[in-house]
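The primary structure of each chain is shown beneath.
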Amino acid sequence: MSIKIGIIGAGGMTNYHIPGFIAGGAEVVAIADVNQVAAQRVADKFNIPAVYDSVAKMIKSAKLDAVSVVTPNKFHKPLALQALAAGLHVFCEKPPALTAAEIRAMAAAAKKAKKTLMFNFNNRARPEAYAMRSYLEAGAAGRINSAQALWIRRTGIPGFGGWFTTKALSGGGPVIDLLHMIDLALYFMDYPDPEWVLAQTFNDFIADKGFKGPWGIPDVANGVNDVEASAHGFVRFKSGQVLFLRNAWAEMNKREEVSVTFQGQKAGGCVKRLFGRDGLDETSIDTCELYTQENGCSVNRDIVTAADPAMGRVRSAQNFALALAGKEKPLNTPGQAVKLMQIIDALYASAKSGKPIKVK
Ligand SMILES: NC(=O)c1ccc[n+]([C@@H]2O[C@H](COP(=O)([O-])OP(=O)(O)OC[C@H]3O[C@@H](n4cnc5c(N)ncnc54)[C@H](O)[C@@H]3O)[C@@H](O)[C@H]2O)c1
């Protein structure tokens, strides 16, 4: 019997979730969205047999094993709790929640329900990340002492006045929206426990339409733009490892860079995408490299992987379906999501107070 999944929220990410679940052997049997037109459009595109205007109705009638939550961030926690309470597994879009307190509640509910709770940290499912992680697990780099995580755009604000730029709905700007490289760096470092965080955010361009990106949602007239446009931060872990990070939707950067670079005791390395003139085009550059000292020489090892323009978004959803079927290990855990959100809470608290924050 295949696993039956219902989709909550007919946003753009359904274009990746649905093919991923199917590739993992699951069936997508229902979709619910408060916007019926949006739900019907996705249902027609992917031949989903049942469309609901309410999540409660879908959970009651559709005979599901799992749901995927693809809504604005504010609804991740209540919808995940609703599904877990009904005995369903949950695949939730990133960020896991708005705060560490919220994700703690979600992790506790999953434990109580004995159900799988996973998040779409899709960059872990990129071919480069799979390859690098296998080198790290084989001990190629030794302990990673330090890492730098960057997702920096030049003009990439995803709409003005909509949910992305409204802190009460999104939880924050690029720190929380582009948290993928922070997660990937932590994954490479074996998710150490954070101890101290020092950060500063900037909001110079957050209302400047010259910095709008080519993706996101339409502008909302008289909407709210109360999130940061960029952030710079430093995390020290209890282990003595350190992480530097930069996230930006709008900053005077040369080009969009998405990267994790690290320095280990045996080797350094880098997984990087430099986007091109027009997003992902022929001028984009992908890097997956290890840096070692061998026989008295500095050696750069170029790890060649398959191209994945979807940046792991399909493979990540496939992993959820395969994990439920017991055929693959889950790519992430609720405990890791708690640590990630603790860091994000502390980044915002440090930026607000101007002081280093001890992570609790
Ligand atoms: N992993 C990635 O690469 C990636 C990329 C983009 C967006 N996302 C995440 O995906 C999520 C959705 O983003 P999006 O850009 O698709 O948003 P969107 O605004 O395009 O779509 C969200 C949909 O959810 C519906 N919705 C809102 N509240 C609902 C509720 N309570 N019940 C049912 N439906 C509801 C809306 O009507 C809308 O159709 C966000 O959490 C975002 O951070 C992830």
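**Details of the overall build of the chain**
Looking only at helices and strands, one finds 11 helices and 15 strands in the chain. In summary, the chain has a C-alpha radius of gyration of 20 Å against a globular reference of 21 Å for 360 residues, a match within 12%. Its C-alpha atoms give the chain principal-axis dimensions of about 65 × 50 × 45 Å. In the chain, which comprises 360 residues, the proportion classed as buried is 50%. In the chain, the share of contacts with a sequence separation of at least 24, taken over all contacts with a separation of at least 6, comes to 73%.

**Structural notes on unusual backbone geometry**
Omega for the peptide link from lysine 94 to proline 95 comes to -10 degrees, which places this bond in the cis form. Within the secondary structure layout, proline 95 lies in the loop between β5 (89-92) and α5 (100-113).

**Notes on the sheet that holds strand β6 (residues 117-119)**
Read from one edge of the open sheet, six strands run β3-β2-β1-β4-β5-β6, paired in parallel fashion. The sheet is open, and its two edges are formed by β3 (50-52) and β6, each paired on a single side. Strand-to-strand twist of the sheet, defined as the mean angle between neighbouring strand axes without regard to direction, takes the value 20 degrees. Where β5 meets β6, three bridges bridge the pair, whose relative direction is parallel. Among the inter-strand pairings, valine 90 is bridged to a residue of β6, identified as leucine 117. Here helix α2 (residues 36-46) sits on the sheet and contacts β2 (27-32) and β3; the angle it forms with β2, its principal contact strand, is near 165 degrees.

**Section: the pairing of strand β9 (residues 230-237)**
As paired strands, strand β8 (residues 194-202) and β9 are joined by eight bridges and run antiparallel to one another. When the bridges of β9 are listed, valine 197 appears paired with valine 235. The pairing of β9 with strand β10 (residues 242-248) spans seven bridges and is antiparallel. Paired with arginine 236 across the two strands is valine 242, which belongs to β10.

**Focus on the site of the ligand**
Around the ligand sit 23 residues, and of these Gly9, Gly11, Asn35, Thr71 and Glu93 come closest. Partitioned by chemical class, the residues of the shell around the ligand number 11 nonpolar, eight polar and four charged.

**So, the domain arrangement of the chain**
Along its sequence, the chain is carved into domain 1 (4-121 + 315-332) and domain 2 (124-306 + 339-358). Inter-centroid distance (C-alpha atoms) of domain 1 to domain 2 is 25 Å. Between domain 1 and domain 2, the residue contacts involve 17 residues of the former and 15 residues of the latter. When residues of the side of domain 1 that touches domain 2 are assigned to their parent elements, the largest contribution, three residues, is made by helix α10 (residues 313-324). Of the residues in the side of domain 1 that touches domain 2, the class split is nine nonpolar, five polar and three charged.

**Considering helix α4 (residues 76-85)**
The complete set of buried residues in α4 reads His76, Lys77, Leu79, Ala80, Ala83 and Leu84. Phi for glycine 87, located one or two positions after α4, is positive at around 85 degrees.

**Things to note about the nonpolar core**
Of all hydrophobic cores here, the largest spans 109 residues; its most connected members are Val90, Ala149, Ala185, Phe188 and Leu347. Ranked by the residues each element gives to this core, the list is headed by helix α11 (residues 334-353), at nine residues. Summarising the domain contributions, this core has at least three residues from each of domain 1 (4-121 + 315-332) and domain 2 (124-306 + 339-358). Setting aside chain neighbours within four positions, we find valine 90 in contact with Ala66, Val67, Val69, Ala80, Ala83, Leu84, Lys115 and Leu117.

Parameters and conventions
Residues numbered from 1 in each chain as written. Predicted model: local features only at pLDDT ≥ 70, side-chain atom pairs only at ≥ 80, totals over all residues. Helix = DSSP H or I, 4+ residues; strand = E, 2+ residues; numbered from the N terminus. Rg over C-alpha atoms; globule rule 2.2 N^0.38 Å. Buried ≥ 20, exposed ≤ 12 C-beta atoms within 10 Å, placed from the backbone. Contact = placed C-beta atoms within 7 Å. Pairing = 2+ DSSP bridges. Axes fitted to C-alpha atoms, helices over the stretch in contact; angles between N-to-C directions. Near = placed C-beta within 6 Å. Nonpolar A, V, L, I, M, F, W, Y, C, P; charged D, E, K, R; others polar. Domains from an automatic or database assignment. Core = buried A, V, L, I, M, F, W, Y, C linked by C-beta atoms within 7 Å.

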